Structures are given as structure tokens and as C-alpha cells.
Amino acid sequence: AARFFPIALHWQRLITEQAQTLARAGEEGQEIDNPYIFGVPLTAQQHIFVGRIDISRRIEQQILDQRHPPLFLDGQRRMGKTSLLHNLGRLLPNAIIPLYVDGQGLAGCQNYADLLYNTVWQIRRSAAQQRQLSLPALERSSLASKPFPAFNDWLRQVEEILHSQNQAVGLLIFDEFEALDAILQQRQLDEAIIMNLLRHLIQHRPAFRLLFASSHPLEMFDHWASYLINTQVLHLSYLQEAETRQLVERPVLGFALQYEVDAGNFVCRLTRGHPHLVQLLCYEIVNSKNEQPPPQRFLADISDVQTALARALKSGRFFFVDIERNQAGKEGVAVLRFLAQAAADGPAPANRLRRQFGDGVDAILRQLVQRELIEPVDDGYQFQVEMIRHWFIGG
């Protein structure tokens with residue numbers, strides 16, 4: 001024992017050192033897990049969702065208001081409205097039960113019975129997912145002859161269940177509200193019947209609150225104005241800077257990638273906290289870093305962000321094409337390309353734009369400001385989001 005004990009200690013030390021060397025080599029050879037998701041809404045099960053505390057508090061305050069006005073949430077496309085609505089269950093108190101209805105999920109409905117049946121199906125699924133609350137089914141056969149009395153009977157049953165849940169409140173959410181409007185017009189269904197149903201729910205069913213969400217402003221639904229009186233508009237815009245930095249630098253626990261200070265600032269400046277663009281750009285940053293040798297992999301600098309920017313403008317092209325084709329219009333695109341090129345000299349003066357495009361440019365500028373593509377600065381205009389400007393430079 002006296003002779004072999006020092007030898008055994010020496011072997012143990014050699015094995016321990018070798019194990020540590022292998023562990024370090026394994027860690028350095030691993031790829032960075034890419035947590036970023038773009039192009040689809042984030043669900044409550046995806047931990048990459050960050051921020052939106054302020055808007056959720058405003059929603060909560062309006063819900064608890066004794067007047068309980070209907071709420072209308074708007075914001076430009078890909079700003080994260082649906083992701084917010086999917087995550088309201090963990091942002092709001094347990095006494096508020098989100099009942100989510102996707103307007104696009106009603107697209108195949110042919111009549112009132114289809115519309116109400118699919119609405120109830122989505123409400124029941126949401127209650128189970130958000131609060132593990134089981135709501136009664138509504139049989140399709142009961143909707144055949146008298147769909148609205150059957151639906152009102154079902155609402156009374158749900159009210160009783162909410163009352164038994166410590167006076168809980170059901171937040172009935174209609175996402176993609178414009179899709180419901182389109183369905184009523186395409187199927188030649190009387191919108192007054194649906195809106196009277198919603199107005200009766202607002203006025204006479206205190207256990208429910210209503211929240212509509214759309215990428216279109218409320219003014220686009222003026223034909224429903226008499227039914228949406230006293231609607232409170234909530235606007236969803238960019239993430240706050242602290243929320244953006246969290247999404248960039250600490251999207252999930254144990255995120256392996258670190259940023260040089262200038263690189264992190266560059267990401268924030270390029271995206272301005274636009275959630276879709278932050279996810280898109282950071283997704284490409286992680287992918288490009290995983291292609292580098294292990295010694296360079298875990299620290300991002302400005303050159304890495306620039307490389308990822310070029311890749312993001314290609315992989316995310318449908319987002320930018322949508323701006324060109326569906327938001328800006330032909331004249332607006334011409335103005336945006338001019339502003340993109342002129343940005344080297346700072347905001348483009350309004351007089352310069354009038355000389356270039358004529359007096360009619362003022363209406364185009366107002367539309368682009370409303371779309372949150374540009375913003376007035378002093379007596380000129382500039383892009384709100386630098387990453388979108390980069391697209392129009394190359395467009």
C-alpha cells in the first residue's frame with residue numbers, strides 16, 4: 001500500500017486533468033443553440049418571449065375598469081400582437097381568463113352556425129391551455145335551427161363557471177379582426193347580427209370583456225362604429241431598449257453567445273426593438289457564429305452583425321416585400337428609396353422631397369408615417385428602423 005499509494009494518486013491526477021481537457025474541448029466544439037424564432041407567433045410554451053409588461057398592465061387596468069369598455073389592440077405587421085395575445089395568460093392575473101379566437105381560423109365558415117361553433121371550439125381550447133379550465137361543449141346540432149339562442153345559452157353556462165372560479169373574468173379575444181369582417185362580407189352574412197351580439201355581450205354580460213386585435217387601425221372599421229362606441233385603443237409598438245437587450249443578449253437561460261458592447265449597440269440600432277427584426281437578425285448571427293471555428297464562436301463583434309445583416313435581408317425578404325407591395329404603394333416605395341439613399345446626409349428636408357416628388361408627396365409622407373415606416377424629424381423625414389432602410393438601399 002505504501003509503494004502503490006503515490007502511483008495511484010499520480011494516475012488519478014492524470015485522469016482528472018485529461019477529463020477536464022476533454023470536457024473543455026467538447027464545450028468548445030458544440031454549436032450555440034439557436035433559440036430565435038421569426039415568421040410565426042410565439043406561444044406561451046416558448047420562453048423566447050420577452051417584455052410587453054407595460055401593455056399588459058394597461059390591458060389589465062382596462063379589464064378591471066368598472067365601465068369595462070371593449071379594447072382594440074393595433075400595431076404594424078409582425079410587431080408581435082399575436083405573440084402578446086398568446087402570452088397574456090402568464091402576464092395577467094389568474095382571475096382573468098384569456099379566451100382566444102383567431103379570426104383566420106374562421107375562414108372556412110359558411111354560415112352563422114359554422115361561425116359560432118368554431119368560435120366556441122377555439123374559446124374552449126384557449127381556456128384549457130391558459131388556465132386548465134374545462135368549458136362545456138356546444139353541439140353543432142343545437143346550432144342548426146336557432147344558432148344565436150343556443151350560443152347565448154352556452155354563454156350563460158360559461159358565466160356560471162366563471163362566477164364559481166372566484167368571480168373570474170373571461171377576456172374574449174378576437175385576433176385578426178379584419179378576417180372576421182371579410183368573412184361576413186364574403187359570405188353575405190349580416191354584420192349587424194354579429195355586432196349586436198357582441199354589443200349585448202359588452203352591455204349585459206359583466207363576466208366577459210372584449211379585446212379586438214388588428215394590423216389595421218380602428219378607423220378602417222368605421223362601418224362598425226356604432227357598435228364599437230367607447231372602444232379604448234391600445235397601440236403596440238417597438239420593444240423598449242432594456243427588453244431589446246434582453247432578447248439580444250439573454251434570450252434564454254444559459255445562452256452561450258456574448259456580444260462586444262459595440263456589437264450589441266449595433267443590433268439595437270439596426271432593429272429599434274422591432275421584435276420580428278430582432279429575432280430575424282439574431283437568428284442569423286447565431287447561425288453565422290456556428291460556422292466559425294470554436295475559438296471565435298462565442299463572442300460576436302460588429303463584423304459578425306454586418307455579416308448577419310446581409311443574410312437576414314435575404315432570408316427575411318418576404319417581410320420587406322410585404323412593405324413594398326402591401327403597405328407603401330408604388331409612390332411610397334419611390335419615396336422610401338429616395339430617403340434610404342439620402343440618409344447619409346441626415347433626415348431629408350420636406351422641401352427637398354417636394355421638389356423631388358411634387359406637392360402630392362405630403363399625402364404619401366402622412367401615409368408612411370401612419371404605417372410607422374418613417375418619422376418626422378425637425379423639418380424632415382427619416383426611416384424609423386435602420387434595418388428596413390438597408391433593404392430599400394438594395395431594393
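So, how was this worked out
- Residues numbered from 1 in each chain as written.
- Predicted model: local features only at pLDDT ≥ 70, side-chain atom pairs only at ≥ 80, totals over all residues.
- Heavy atoms only, no water.
- Helix = DSSP H or I, 4+ residues; strand = E, 2+ residues; numbered from the N terminus.
- Buried < 20%, exposed > 50% of the residue type's maximum accessible area, 1.4 Å probe, protein only.
- Lys, Arg positive; Asp, Glu negative; His and termini not counted.
- Salt bridge = Lys/Arg side-chain N within 4 Å of Asp/Glu carboxyl O.
- Contact = heavy atoms within 4.5 Å.
- Axes fitted to C-alpha atoms, helices over the stretch in contact; angles between N-to-C directions.
- Parallel < 35°, antiparallel > 145°, perpendicular 65-115°, else oblique.
- Left-handed = near helix turned anticlockwise from the far one by under 90°.
- Nonpolar A, V, L, I, M, F, W, Y, C, P; charged D, E, K, R; others polar.
- Phe/Tyr/Trp six-rings, centres within 6.5 Å; stacked < 30°, edge-to-face > 60°.
- Pairing = 2+ DSSP bridges.
- Patch = residues over 30% accessible without salt bridge, like charges linked within 9 Å, V, L, I, M, F, W, Y side chains within 5 Å.
- Areas by Shrake-Rupley, 256 points an atom, 1.4 Å probe, with all protein chains shown as cover.

> Outline the side chain of Asp-175, supporting the account with residue identities and numerical values.
By the secondary structure assignment, Asp-175 is in strand 3 (residues 169–175). Although Asp-175 lies buried, it forms no salt bridge, and the closest oppositely charged side chain, Lys-81, sits 6.8 Å away as judged by the N-O distance. Contact partners of Asp-175, with chain neighbours within four places excluded, come to Thr-82, Leu-85, Tyr-100, Val-101, Asp-102, Gly-103 and Ala-213.

> Residues and numbers for the packing of helix 14 (residues 317–342) against helix 15 (residues 350–357), please.
Contact geometry of helix 14 with helix 15 gives a least axis separation of 12 Å together with a crossing angle of 130°. Judged by the angle between their axes, helix 14 and helix 15 are oblique. Helix 14 and helix 15 meet at a crossing whose hand is right-handed. Note on element contacts: helix 15 touches helix 14 through Arg-352, Leu-353, Gln-356 and Phe-357, opposite Ala-334, Val-335, Phe-338, Leu-339 and Ala-342. Of the residues belonging to the contact of helix 14 with helix 15, the class tally is seven nonpolar, one polar and one charged.

> If you had to explain the packing of aromatic side chains to someone new, which residues and values would you point to?
All chains considered together, the criterion is met by 11 aromatic pairs. Judged by centre distance (5.1 Å) and plane angle (85°), the ring pair of Phe-319 and Phe-320 falls under edge-to-face. A relative accessible area of 8% means that Phe-319 is categorised as buried. The class for Phe-320 is buried, based on a relative accessible area of 0%.

> Could you give me a rundown of the sheet that holds strand 3, with the residues and numbers involved?
With parallel pairing, five strands are arranged side by side in an open sheet as 2-3-4-1-5. Only two strands of the sheet have a single partner each, and these edge strands are strand 2 (96–102) and strand 5 (232–235). Within the sheet, the average angular offset between the axes of one strand and its neighbour, ignoring direction, is 25°. Sheet analysis places strand 3 next to strand 4 (residues 208–214), joined by five bridges and oriented parallel. The residue of strand 4 that forms the bridge with Leu-171 is Arg-209. With respect to the sheet, helix 6 (residues 147–164) is in contact with strand 2, strand 3 and strand 4, its orientation differing from that of strand 4 by roughly 110°. Helix 7 (residues 177–186) rests against strand 1 (71–74), strand 3 and strand 4 of the sheet, and its axis sits at about 90° to strand 4.

> A description of the sheet that holds strand 8 (residues 348–349) should follow, citing residues and the corresponding values.
Strand order in this open sheet of three strands is 8-10-9, and the pairing throughout is antiparallel. The sheet is open, and its two edges are formed by strand 8 and strand 9 (374–377), each paired on a single side. By the bridge criterion, four bridges tie strand 9 to strand 10 (residues 380–383) in an arrangement that is antiparallel. When the bridges of strand 10 are listed, Ile-374 appears paired with Phe-383.

> Give me a nonpolar patch on the surface: which residues, what numbers.
A contiguous nonpolar surface patch, about 580 Å² in accessible area, is contributed by Phe-4, Ile-7, Trp-11, Leu-14 and Ile-15. Within the secondary structure, Ile-7 is located in helix 1 (residues 4–29). Given the relative accessible area of 38%, Ile-7 is considered partly exposed.

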